[in-house]
Amino acid sequence: MPAKLILSMDGAVMKEYPLNKERTTIGRKPHNDIVIDNLAVSSEHAAIVTILNDSFLEDLDSTNGLAVNGTPTKKHFLQNSDVIEIGKYKLKYLNDQPTQTSAADFEKTMVLRAPVKIAPSEAGSKSPLDVTATRKTEAVISTQFNTTNSGMPPPAGQLPAAVVQILNGPNSGKELELVKNLTTLGKPGVQVAVLARRPHGYFMTHVEGGSFPTVNGSSIGEQPHQLKDHDLIELAGVKMEFYFKT
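Here is a short report on the structure shown in this document.

What counts, and at which threshold
Residues numbered from 1 in each chain as written. Predicted model: local features only at pLDDT ≥ 70, side-chain atom pairs only at ≥ 80, totals over all residues. Heavy atoms only, no water. Buried < 20%, exposed > 50% of the residue type's maximum accessible area, 1.4 Å probe, protein only. Helix = DSSP H or I, 4+ residues; strand = E, 2+ residues; numbered from the N terminus. Pairing = 2+ DSSP bridges. Polar contact = N/O pair within 3.5 Å; in protein donor to acceptor, adjacent residues only side chain to side chain. Contact = heavy atoms within 4.5 Å.

### Focus: the pairing of strand S21 (residues 238–244)
Then comes step 1: In terms of residue burial, S21 counts as a mostly covered element, since five of its seven residues are buried.
Then comes step 2: In this structure, strand S12 (residues 162–166) lies alongside S21, joined through five bridges in antiparallel fashion. For Ala162, the partnering residue across the bridge sits in S21 and is Phe244.
Then comes step 3: Judged from the five bridges that link them, strand S20 (residues 231–235) and S21 form a sheet pairing that is antiparallel. Paired with Asp231 across the two strands is Phe242, which belongs to S21.
Then comes step 4: Hairpin remark: S20 followed by S21, antiparallel, with two residues in the connecting loop; positive phi at Ala236, about 55°.

Right under this line is the structure:
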């Protein structure tokens, strides 16, 4: 049985939603997979990415935020019986399948942050990114590389080990070895994607952002996209090459 969400308000169950898609969106607008028609809910409030038996919740920069089990959060590795709270509404997560990833592993491979220039139209009256913020994001990306290049052997399986190499920007030339089942790349609020290591290949799935990442110049769209040796990825203004280690 796939994982599912039970929507309720004030203790009364309203609807049940099976998580049978790779990406499930929650929001007020009718194009969402789970529609909550309430002004406290943003147009696109949150998304849940489900890969194999694992589900990951992410707040899509909503106005009023969300909480899991009473604790406000932006990102959360969902576990059986977790309760997502959005305004007066509750979504209980039910999953009786064993998970593939631990919460600790999910935290380690969260988001590879890279500096992204904000266009004047997007910045509005806000100040541009300051030097401190940019240095902070560069520090995060460096930490991620140091962690994944520490000589840890890739997990057992038929797949050859794969690497993503940064081709532009301040981190050009650095490599990220895909040693985890899931690696999340991108810039929160701009564009985020998940790279999933599966028994039959590596797949890239769009998670967040108004536009889809591209592979070899073509948009990957909403569905998982299988990566091939030496594919060129562009995500959140960062160009990367995916290739298998020989």
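Now that the structure is up, let's keep going.
### Things to note about the side chain of Thr50
Then comes step 1: Mapped onto the fold, Thr50 is located in strand S5 (residues 46–51).
Then comes step 2: In terms of polar contacts, Thr50 uses its side chain to reach the side chain of Ser55, at 2.9 Å.

### Description of unusual backbone geometry
Negative phi values dominate among residues other than glycine, just as trans dominates among peptide bonds.
Then comes step 1: Residue Ser81 is not a glycine yet carries a positive backbone phi of 80°.
Then comes step 2: Relative to the assigned elements, Ser81 resides in the loop between strand S9 (75–77) and strand S10 (83–86).
Then comes step 3: According to the relative accessible area criterion, Ser81 is partly exposed, its value standing at 37%.
Then comes step 4: Here the phi dihedral of Ala236 falls at roughly 55°; this positive angle occurs in a residue that is not glycine.
Then comes step 5: By secondary structure assignment, the location of Ala236 is in the loop between S20 and S21.
Then comes step 6: Judged by relative accessible area, which is 7%, Ala236 ranks as buried.

### Re the side chain of Thr205
Then comes step 1: Here Thr205 is to be found in strand S16 (residues 201–208).
Then comes step 2: Its relative accessible area of 1% is what places Thr205 among the buried residues.
Then comes step 3: Beyond its immediate sequence surroundings of up to four residues, Thr205 is in contact with Glu22, Ala193, Val194, Ile220 and Pro224.

### Here's the deal with the sheet that holds strand S19 (residues 225–226)
Then comes step 1: Strand order in this open sheet of four strands is S14-S15-S16-S19, and the pairing throughout is antiparallel. Of all the strands in the sheet, just strand S14 (182–187) and S19 have a single pairing partner and so form its edges.
Then comes step 2: When S16 meets S19, the two strands line up antiparallel, connected through two bridges. From the neighbouring strand, Phe203 faces S19, where its bridge partner is Gln226.

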